[in-house]
Amino acid sequence: MTDAAGEVGSRMAEAAQAWLDSLDADQRTVAVGPAPGADGVAEAERTRWFYTPTDHGGLTFHQQRPAQHRLVMRLVASGLSEAGYTTVATVLGLENVLDRVESFSVNWGRERTRDPGMYYLRVFGEPGGRRPWGWRFGGHHVSLNNLVVDGRVAATTPCFLGADPAVSPLLGGATLRPLGSAEELARELVRSLRPELAARAVLLARAPNDIVAGNSTRIHDRVVKRRELWRPGQHTPDRAEDPATGLDGTDQRAVALTPMPKGVPGAELDAAQRELLRALLGTYLDRVPAGVSPLPRYDDPAALDAVHLAWAGSTAAGEPHYYRLQGPRLLVEWTNIHRGVNHAHAVWRDPETDFGGDVLAAHHAAHHPR
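If you're wondering where the values come from, they're calculated on a predicted model, not measured in any experiment.

Draft legend 1. Region of the structure containing the overall build of the protein. A count of helices and strands for the protein gives 12 helices and 15 strands. Since a compact globule built from 370 residues should have a radius of gyration of about 21 Å, the 20 Å found for the protein is in line with a globular shape. C-alpha extents for the protein along the principal axes are approximately 60 × 50 × 45 Å. Counting every position in the protein, which comprises 370 residues, the buried fraction comes to 54%. Look at the contacts in the protein between residues 6 or more apart in sequence, and 66% of them connect residues 24 or more apart. As presented, the protein carries roughly 16200 Å² of accessible surface, and 53% of it is formed by carbon and sulfur atoms. Within the protein, one finds 40 positive and 44 negative side-chain charges whose respective centroids are separated by 2 Å.

Draft legend 2. Layout of the pairing of strand β14 (residues 330-336). With seven of seven residues buried, β14 is to be regarded as a mostly interior element. Side-chain alternation along β14 places Leu 330, Val 332, Trp 334 and Asn 336 on one buried face and Leu 331, Glu 333 and Thr 335 on a second face that is also buried. As judged from the seven bridges shared by strand β13 (residues 321-327) and β14, these two strands associate in the antiparallel manner. By the bridge assignment, Arg 324 is partnered in β14 with Glu 333. Linkage of β13 to β14, two consecutive antiparallel strands, is achieved through a turn of two residues, within which Arg 329 is found at a positive phi near 60 degrees. When β14 meets strand β15 (residues 344-349), the two strands line up antiparallel, connected through six bridges.

Draft legend 3. Examining the nonpolar core more closely. If you look at the biggest cluster of nonpolar residues, it comprises 69 residues, and the most contacted ones within it are Trp 19, Phe 137 and Tyr 284. Considering each element in turn, this core owes the most residues, seven residues, to helix α1 (residues 4-21). Apart from the residues lying within four places of it in its own chain, the contact partners of Tyr 284 are Ala 182, Tyr 323, Val 332, Glu 333, Trp 334, Ala 346, Val 347 and Trp 348. In this structure, Leu 204, Val 212, Leu 257 and Ile 337 belong to the second largest nonpolar core, which totals 11 residues.

Draft legend 4. Broad picture of the pattern of salt bridges. Per the counting criterion, the structure on display carries 26 salt bridges. Its salt-bridge partner being Arg 177, residue Glu 183 comes within 4.0 Å of it at the nearest N-O pair. Taking relative accessible area as the criterion, Glu 183 reaches 8% and is therefore assigned buried. On the basis of relative accessible area, Arg 177 is assigned to the partly exposed category, the value being 31%. A salt bridge links Glu 228 to Arg 222; its shortest N-O distance comes to 3.1 Å. On the basis of relative accessibility, which here comes to 23%, the residue Glu 228 falls in the partly exposed class. Overall, Arg 222 belongs to the partly exposed group, its relative accessible area being 35%. One continuous salt-bridge network, built from bridges that share partners, spans Glu 45, Asp 55, Arg 122, Arg 136 and Arg 231.

Draft legend 5. Quick look at the pairing of β13. Counting buried positions along β13 gives seven out of seven residues, so the element sits mostly inside the fold. Burial along β13 is two-sided: the residues His 321, Tyr 323, Leu 325 and Gly 327 and Tyr 322, Arg 324 and Gln 326 are all buried. As defined by bridge partners, strand β12 (residues 308-313) adjoins β13 across six bridges and the pair is classed as antiparallel. Looking at the pairing, Leu 309 lines up with Leu 325 of β13.

Draft legend 6. Just empty space enclosed by the protein, in detail. Inspection of every chain in the model, using the stated rule, returns four cavities of 30 Å³ or more. Approximately 60 Å³ is the volume found for the largest cavity. Every residue lining the largest cavity is listed: Arg 46, Phe 124, Gly 134, Trp 135, Arg 136, Asn 145, Asn 146, Leu 147, Ala 155, Thr 157 and Phe 355. The set of elements that each furnish at least two residues to the lining of the largest cavity consists of β4 (133-139) and β5 (142-149).

Draft legend 7. Region of the structure containing the layout of surface pockets. Here the largest pocket defines a volume of roughly 570 Å³. The residue makeup of the lining of the largest pocket, split by class, is eight nonpolar, nine polar and seven charged.

Draft legend 8. Spatial organisation of helix α6 (residues 180-191). Spanning 12 residues, α6 covers 17 Å between terminal C-alpha atoms, matching the ideal 16 Å at 1.5 Å per step. Listed as buried for α6 are Gly 180, Ala 182, Glu 183, Leu 185, Ala 186, Arg 187, Leu 189 and Val 190. For α6, the secondary structure elements touched by its buried residues are α9 (271-285), β12, β13 and β14.

Here is what the cut-offs are and how they apply
- Residues numbered from 1 in each chain as written.
- Predicted model: local features only at pLDDT ≥ 70, side-chain atom pairs only at ≥ 80, totals over all residues.
- Heavy atoms only, no water.
- Helix = DSSP H or I, 4+ residues; strand = E, 2+ residues; numbered from the N terminus.
- Rg over C-alpha atoms; globule rule 2.2 N^0.38 Å.
- Buried < 20%, exposed > 50% of the residue type's maximum accessible area, 1.4 Å probe, protein only.
- Contact = heavy atoms within 4.5 Å.
- Areas by Shrake-Rupley, 256 points an atom, 1.4 Å probe, with all protein chains shown as cover.
- Lys, Arg positive; Asp, Glu negative; His and termini not counted.
- Charge placed at Lys NZ, Arg CZ, Asp CG, Glu CD.
- Pairing = 2+ DSSP bridges.
- Core = buried A, V, L, I, M, F, W, Y, C linked by side-chain atoms within 4.5 Å.
- Salt bridge = Lys/Arg side-chain N within 4 Å of Asp/Glu carboxyl O.
- 1 Å grid on protein atoms, 1.4 Å probe; cavity = no way out; pocket = protein on both sides within 12 Å on 5 of 7 lines; lining within 4 Å.
- Points joined across faces, edges and corners; volume = space filled by probe spheres on them.
- Nonpolar A, V, L, I, M, F, W, Y, C, P; charged D, E, K, R; others polar.
- Expected span 1.5 Å × (residues − 1).

Everything listed is a geometric property; what it means functionally is a separate question.
As C-alpha coordinates, this is what we get:
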(Lines give C-alpha, C1' and ligand atoms only; values in the text may rest on other atoms or scores of the structure.)
Protein backbone atom coordinates (compact mmCIF):
# COMPACT_ATOMS: atom_id res chain seq x y z
CA MET A 1 0.00 0.00 0.00
CA THR A 2 1.39 3.39 -0.97
CA ASP A 3 1.72 6.17 1.57
CA ALA A 4 0.08 9.01 -0.34
CA ALA A 5 0.62 11.53 2.46
CA GLY A 6 4.32 10.61 2.47
CA GLU A 7 4.61 10.87 -1.31
CA VAL A 8 2.98 14.30 -1.34
CA GLY A 9 5.17 15.34 1.59
CA SER A 10 8.27 14.30 -0.38
CA ARG A 11 7.17 16.30 -3.42
CA MET A 12 6.52 19.31 -1.21
CA ALA A 13 9.95 18.99 0.42
CA GLU A 14 11.75 18.71 -2.92
CA ALA A 15 9.91 21.71 -4.36
CA ALA A 16 10.40 23.80 -1.21
CA GLN A 17 14.11 23.04 -1.07
CA ALA A 18 14.57 23.90 -4.75
CA TRP A 19 12.94 27.29 -4.11
CA LEU A 20 15.00 27.93 -0.99
CA ASP A 21 18.21 27.01 -2.84
CA SER A 22 17.42 29.70 -5.42
CA LEU A 23 17.23 32.50 -2.84
CA ASP A 24 19.99 34.86 -1.83
CA ALA A 25 20.66 35.71 1.80
CA ASP A 26 18.38 38.76 1.88
CA GLN A 27 15.53 36.84 0.31
CA ARG A 28 15.92 33.97 2.75
CA THR A 29 15.61 36.36 5.68
CA VAL A 30 12.06 37.12 4.57
CA ALA A 31 11.19 33.73 3.09
CA VAL A 32 12.02 31.44 6.02
CA GLY A 33 10.23 31.33 9.35
CA PRO A 34 10.85 29.32 12.53
CA ALA A 35 9.99 25.64 12.57
CA PRO A 36 6.38 24.86 13.51
CA GLY A 37 5.96 24.77 17.27
CA ALA A 38 9.27 26.54 17.89
CA ASP A 39 7.71 28.94 20.37
CA GLY A 40 4.48 30.75 21.07
CA VAL A 41 5.37 33.92 19.17
CA ALA A 42 6.42 31.97 16.08
CA GLU A 43 3.27 29.84 16.19
CA ALA A 44 1.10 32.93 16.51
CA GLU A 45 2.55 34.18 13.23
CA ARG A 46 2.41 30.80 11.45
CA THR A 47 -1.24 30.42 12.34
CA ARG A 48 -2.19 33.99 11.49
CA TRP A 49 -3.80 33.96 8.09
CA PHE A 50 -5.62 36.31 5.74
CA TYR A 51 -7.60 36.25 2.52
CA THR A 52 -7.67 39.98 1.85
CA PRO A 53 -5.05 41.81 -0.28
CA THR A 54 -2.84 42.45 2.74
CA ASP A 55 0.60 41.30 3.86
CA HIS A 56 0.29 37.53 4.33
CA GLY A 57 3.91 37.21 5.48
CA GLY A 58 6.76 35.96 3.32
CA LEU A 59 8.42 36.74 0.01
CA THR A 60 6.28 38.23 -2.76
CA PHE A 61 6.58 37.58 -6.47
CA HIS A 62 7.82 41.17 -6.80
CA GLN A 63 10.82 40.30 -4.63
CA GLN A 64 11.85 37.40 -6.87
CA ARG A 65 13.13 36.69 -10.35
CA PRO A 66 10.91 34.97 -12.97
CA ALA A 67 12.79 31.69 -12.54
CA GLN A 68 11.97 31.83 -8.85
CA HIS A 69 8.30 32.54 -9.66
CA ARG A 70 8.26 29.20 -11.43
CA LEU A 71 9.69 27.46 -8.36
CA VAL A 72 7.02 29.10 -6.22
CA MET A 73 4.30 27.73 -8.45
CA ARG A 74 5.94 24.30 -8.44
CA LEU A 75 5.63 24.23 -4.65
CA VAL A 76 2.05 25.48 -4.82
CA ALA A 77 1.25 22.72 -7.32
CA SER A 78 2.75 20.06 -5.05
CA GLY A 79 0.01 20.70 -2.50
CA LEU A 80 -2.92 20.78 -4.92
CA SER A 81 -4.77 18.52 -7.30
CA GLU A 82 -4.61 19.44 -10.98
CA ALA A 83 -8.03 21.08 -10.73
CA GLY A 84 -7.05 22.81 -7.50
CA TYR A 85 -3.89 24.21 -9.06
CA THR A 86 -5.77 25.45 -12.13
CA THR A 87 -8.28 27.18 -9.87
CA VAL A 88 -5.56 28.87 -7.79
CA ALA A 89 -3.72 30.02 -10.91
CA THR A 90 -6.99 31.44 -12.26
CA VAL A 91 -7.69 33.32 -9.02
CA LEU A 92 -4.24 34.94 -9.22
CA GLY A 93 -5.00 36.07 -12.77
CA LEU A 94 -8.35 37.51 -11.73
CA GLU A 95 -6.50 40.40 -10.07
CA ASN A 96 -6.00 41.80 -13.57
CA VAL A 97 -9.68 41.28 -14.39
CA LEU A 98 -10.75 42.94 -11.14
CA ASP A 99 -8.52 45.93 -11.93
CA ARG A 100 -10.44 46.44 -15.17
CA VAL A 101 -13.81 45.95 -13.42
CA GLU A 102 -12.81 48.81 -11.12
CA SER A 103 -11.64 50.93 -14.08
CA PHE A 104 -8.01 50.65 -12.91
CA SER A 105 -8.85 53.32 -10.36
CA VAL A 106 -8.74 51.83 -6.83
CA ASN A 107 -5.93 53.38 -4.81
CA TRP A 108 -4.98 52.25 -1.31
CA GLY A 109 -1.75 54.20 -1.22
CA ARG A 110 0.55 51.60 -2.73
CA GLU A 111 2.01 51.37 -6.21
CA ARG A 112 -0.67 48.96 -7.43
CA THR A 113 -3.74 47.91 -5.50
CA ARG A 114 -5.05 44.96 -7.53
CA ASP A 115 -1.70 43.28 -7.91
CA PRO A 116 -1.01 39.67 -9.07
CA GLY A 117 2.57 40.17 -7.85
CA MET A 118 1.39 40.52 -4.24
CA TYR A 119 1.22 36.84 -3.33
CA TYR A 120 3.48 35.67 -0.54
CA LEU A 121 5.34 32.44 0.17
CA ARG A 122 7.02 31.48 3.42
CA VAL A 123 8.55 28.16 4.49
CA PHE A 124 8.58 27.32 8.18
CA GLY A 125 11.49 25.18 9.33
CA GLU A 126 13.65 22.95 7.12
CA PRO A 127 11.99 20.87 4.39
CA GLY A 128 12.64 17.14 4.43
CA GLY A 129 13.64 14.83 7.23
CA ARG A 130 11.51 13.88 10.21
CA ARG A 131 11.22 17.27 11.87
CA PRO A 132 8.02 19.24 11.35
CA TRP A 133 8.06 21.91 8.69
CA GLY A 134 5.44 23.73 6.70
CA TRP A 135 4.69 26.39 4.13
CA ARG A 136 2.12 29.08 3.51
CA PHE A 137 1.14 30.71 0.23
CA GLY A 138 -1.38 33.49 0.10
CA GLY A 139 -2.61 36.79 -1.18
CA HIS A 140 -5.95 38.20 -2.26
CA HIS A 141 -8.46 35.33 -2.26
CA VAL A 142 -5.88 32.59 -1.72
CA SER A 143 -4.63 31.09 1.52
CA LEU A 144 -2.90 27.70 1.48
CA ASN A 145 -1.51 26.38 4.76
CA ASN A 146 0.42 23.10 4.88
CA LEU A 147 2.18 21.18 7.63
CA VAL A 148 4.46 18.14 7.15
CA VAL A 149 5.29 15.96 10.16
CA ASP A 150 7.53 12.88 10.01
CA GLY A 151 7.71 13.38 6.26
CA ARG A 152 3.94 13.10 5.79
CA VAL A 153 1.40 15.79 5.04
CA ALA A 154 -0.38 16.35 8.34
CA ALA A 155 -2.59 19.36 7.58
CA THR A 156 -3.80 21.32 4.57
CA THR A 157 -6.21 23.74 6.24
CA PRO A 158 -7.29 26.51 6.41
CA CYS A 159 -7.69 26.37 2.63
CA PHE A 160 -9.34 29.50 1.24
CA LEU A 161 -10.20 30.41 -2.34
CA GLY A 162 -12.22 33.36 -3.58
CA ALA A 163 -13.16 34.87 -6.90
CA ASP A 164 -13.81 38.51 -7.75
CA PRO A 165 -15.46 38.62 -10.18
CA ALA A 166 -17.05 35.23 -9.56
CA VAL A 167 -18.36 35.20 -13.14
CA SER A 168 -16.51 36.76 -16.06
CA PRO A 169 -17.41 36.77 -19.78
CA LEU A 170 -15.31 34.81 -22.26
CA LEU A 171 -15.40 34.93 -26.02
CA GLY A 172 -18.13 32.99 -27.77
CA GLY A 173 -20.64 33.52 -25.00
CA ALA A 174 -18.81 31.31 -22.49
CA THR A 175 -18.18 32.34 -18.89
CA LEU A 176 -15.30 31.91 -16.45
CA ARG A 177 -16.54 30.65 -13.06
CA PRO A 178 -13.63 29.29 -11.01
CA LEU A 179 -15.90 28.40 -8.08
CA GLY A 180 -19.13 27.93 -9.98
CA SER A 181 -19.75 24.31 -9.03
CA ALA A 182 -19.49 25.11 -5.32
CA GLU A 183 -22.33 27.60 -5.76
CA GLU A 184 -24.57 25.67 -8.12
CA LEU A 185 -24.45 22.33 -6.30
CA ALA A 186 -25.26 23.98 -2.96
CA ARG A 187 -28.18 25.91 -4.42
CA GLU A 188 -29.53 22.80 -6.12
CA LEU A 189 -29.30 20.94 -2.83
CA VAL A 190 -31.04 23.53 -0.65
CA ARG A 191 -33.78 24.11 -3.24
CA SER A 192 -34.43 20.35 -3.39
CA LEU A 193 -35.33 20.18 0.32
CA ARG A 194 -38.93 19.56 1.26
CA PRO A 195 -40.50 22.57 3.04
CA GLU A 196 -40.01 21.38 6.62
CA LEU A 197 -36.32 20.68 6.01
CA ALA A 198 -35.83 23.93 4.12
CA ALA A 199 -37.28 25.85 7.08
CA ARG A 200 -34.60 24.32 9.31
CA ALA A 201 -31.78 24.72 6.82
CA VAL A 202 -32.32 28.45 6.19
CA LEU A 203 -31.08 30.14 9.36
CA LEU A 204 -31.73 33.72 8.32
CA ALA A 205 -33.46 35.48 5.43
CA ARG A 206 -30.50 37.85 5.16
CA ALA A 207 -27.02 36.69 4.18
CA PRO A 208 -23.99 37.74 6.27
CA ASN A 209 -21.46 39.96 4.52
CA ASP A 210 -18.65 37.42 4.89
CA ILE A 211 -17.83 33.97 6.20
CA VAL A 212 -18.77 33.72 9.86
CA ALA A 213 -15.45 32.38 11.18
CA GLY A 214 -13.53 35.03 9.21
CA ASN A 215 -9.78 34.51 9.44
CA SER A 216 -9.85 33.32 13.03
CA THR A 217 -6.99 31.05 14.06
CA ARG A 218 -9.35 28.79 15.98
CA ILE A 219 -13.01 28.20 15.24
CA HIS A 220 -15.27 29.24 18.07
CA ASP A 221 -18.20 31.52 18.76
CA ARG A 222 -16.38 34.83 18.41
CA VAL A 223 -17.41 37.77 16.28
CA VAL A 224 -14.55 38.69 13.92
CA LYS A 225 -14.26 42.42 13.23
CA ARG A 226 -13.58 43.89 9.80
CA ARG A 227 -10.18 45.26 10.85
CA GLU A 228 -9.00 41.76 11.79
CA LEU A 229 -9.17 40.70 8.15
CA TRP A 230 -6.14 42.92 7.45
CA ARG A 231 -2.64 42.96 8.89
CA PRO A 232 -2.29 46.06 11.10
CA GLY A 233 -0.89 49.02 9.19
CA GLN A 234 -1.74 47.60 5.77
CA HIS A 235 -5.23 48.98 5.25
CA THR A 236 -8.01 50.39 7.41
CA PRO A 237 -11.39 49.25 6.11
CA ASP A 238 -14.49 51.35 6.44
CA ARG A 239 -16.40 50.65 9.68
CA ALA A 240 -13.33 48.80 10.94
CA GLU A 241 -14.87 47.88 14.29
CA ASP A 242 -18.04 46.43 12.78
CA PRO A 243 -18.50 42.66 12.64
CA ALA A 244 -17.15 41.20 9.41
CA THR A 245 -20.54 39.57 8.93
CA GLY A 246 -22.33 42.93 9.09
CA LEU A 247 -24.76 41.34 11.55
CA ASP A 248 -25.51 41.91 15.19
CA GLY A 249 -27.97 40.90 17.86
CA THR A 250 -30.41 38.12 16.96
CA ASP A 251 -29.21 38.00 13.34
CA GLN A 252 -25.62 37.35 14.44
CA ARG A 253 -26.79 34.69 16.87
CA ALA A 254 -28.84 33.01 14.15
CA VAL A 255 -25.76 32.30 12.01
CA ALA A 256 -23.21 31.96 14.83
CA LEU A 257 -21.06 28.84 14.81
CA THR A 258 -21.93 26.41 17.59
CA PRO A 259 -20.42 23.06 18.63
CA MET A 260 -23.69 21.37 17.71
CA PRO A 261 -24.06 22.14 13.98
CA LYS A 262 -27.09 24.07 12.82
CA GLY A 263 -29.16 23.19 9.79
CA VAL A 264 -30.15 19.84 8.32
CA PRO A 265 -27.98 16.71 8.68
CA GLY A 266 -27.17 14.39 5.83
CA ALA A 267 -29.03 11.66 7.71
CA GLU A 268 -32.32 13.36 6.79
CA LEU A 269 -31.58 13.70 3.07
CA ASP A 270 -32.79 11.30 0.40
CA ALA A 271 -30.40 9.36 -1.86
CA ALA A 272 -30.24 12.01 -4.60
CA GLN A 273 -29.67 14.79 -2.08
CA ARG A 274 -26.89 12.80 -0.44
CA GLU A 275 -25.20 12.48 -3.83
CA LEU A 276 -25.40 16.26 -4.21
CA LEU A 277 -23.96 16.74 -0.72
CA ARG A 278 -20.99 14.49 -1.43
CA ALA A 279 -20.38 16.17 -4.78
CA LEU A 280 -20.47 19.55 -3.03
CA LEU A 281 -17.91 18.34 -0.50
CA GLY A 282 -15.70 17.34 -3.41
CA THR A 283 -15.54 20.93 -4.69
CA TYR A 284 -13.67 21.77 -1.48
CA LEU A 285 -11.88 18.60 -0.35
CA ASP A 286 -10.58 17.72 -3.81
CA ARG A 287 -8.54 20.92 -3.92
CA VAL A 288 -5.67 18.83 -2.55
CA PRO A 289 -4.10 15.70 -4.07
CA ALA A 290 -5.83 12.34 -3.98
CA GLY A 291 -4.65 10.38 -0.98
CA VAL A 292 -4.39 13.55 1.08
CA SER A 293 -7.99 14.66 0.56
CA PRO A 294 -10.40 13.48 3.28
CA LEU A 295 -13.20 13.09 0.72
CA PRO A 296 -13.12 9.24 0.85
CA ARG A 297 -14.12 9.55 4.50
CA TYR A 298 -17.60 10.38 3.25
CA ASP A 299 -17.96 7.05 1.48
CA ASP A 300 -18.98 5.93 4.96
CA PRO A 301 -22.72 6.66 5.24
CA ALA A 302 -22.32 7.53 8.93
CA ALA A 303 -19.82 10.27 8.10
CA LEU A 304 -22.12 11.80 5.51
CA ASP A 305 -25.03 11.53 7.95
CA ALA A 306 -23.21 13.89 10.31
CA VAL A 307 -22.61 16.70 7.80
CA HIS A 308 -25.09 19.54 8.31
CA LEU A 309 -26.17 22.01 5.63
CA ALA A 310 -27.12 25.53 6.73
CA TRP A 311 -28.06 28.46 4.51
CA ALA A 312 -28.71 32.20 4.88
CA GLY A 313 -30.16 34.64 2.39
CA SER A 314 -32.12 33.91 -0.74
CA THR A 315 -32.04 30.54 -2.50
CA ALA A 316 -32.75 32.21 -5.87
CA ALA A 317 -29.89 32.49 -8.36
CA GLY A 318 -28.29 35.92 -8.54
CA GLU A 319 -29.28 36.99 -5.03
CA PRO A 320 -27.03 37.33 -1.94
CA HIS A 321 -26.51 34.08 -0.11
CA TYR A 322 -24.36 32.16 2.36
CA TYR A 323 -24.05 28.50 3.22
CA ARG A 324 -21.96 26.19 5.34
CA LEU A 325 -21.31 22.51 5.79
CA GLN A 326 -20.40 21.50 9.32
CA GLY A 327 -19.65 18.18 10.96
CA PRO A 328 -16.87 16.34 12.77
CA ARG A 329 -13.52 17.69 11.55
CA LEU A 330 -15.28 19.80 8.92
CA LEU A 331 -16.28 23.38 8.37
CA VAL A 332 -16.98 24.71 4.88
CA GLU A 333 -18.22 28.28 4.43
CA TRP A 334 -19.33 30.12 1.30
CA THR A 335 -20.57 33.63 0.58
CA ASN A 336 -21.51 35.48 -2.57
CA ILE A 337 -22.79 38.88 -1.56
CA HIS A 338 -20.88 41.83 -2.92
CA ARG A 339 -20.36 43.45 -6.32
CA GLY A 340 -23.89 42.57 -7.36
CA VAL A 341 -23.52 38.98 -6.13
CA ASN A 342 -20.36 38.51 -8.18
CA HIS A 343 -17.72 38.11 -5.45
CA ALA A 344 -17.34 34.68 -3.87
CA HIS A 345 -15.51 33.41 -0.79
CA ALA A 346 -15.10 29.66 -0.21
CA VAL A 347 -13.12 28.19 2.69
CA TRP A 348 -12.48 24.67 3.95
CA ARG A 349 -11.31 24.15 7.52
CA ASP A 350 -10.73 21.31 9.98
CA PRO A 351 -11.82 22.62 13.40
CA GLU A 352 -9.78 19.96 15.22
CA THR A 353 -6.50 20.31 13.38
CA ASP A 354 -6.28 23.51 11.35
CA PHE A 355 -2.56 24.21 10.90
CA GLY A 356 -1.93 20.67 12.20
CA GLY A 357 -2.00 21.72 15.82
CA ASP A 358 -2.97 18.35 17.27
CA VAL A 359 -0.51 16.39 15.08
CA LEU A 360 2.26 18.81 15.97
CA ALA A 361 1.50 18.47 19.68
CA ALA A 362 1.58 14.68 19.44
CA HIS A 363 4.91 14.77 17.61
CA HIS A 364 6.52 16.99 20.23
CA ALA A 365 5.13 14.85 23.04
CA ALA A 366 6.62 11.73 21.47
CA HIS A 367 9.99 13.13 20.41
CA HIS A 368 10.63 16.03 22.77
CA PRO A 369 9.08 15.08 26.12
CA ARG A 370 9.65 17.46 28.99
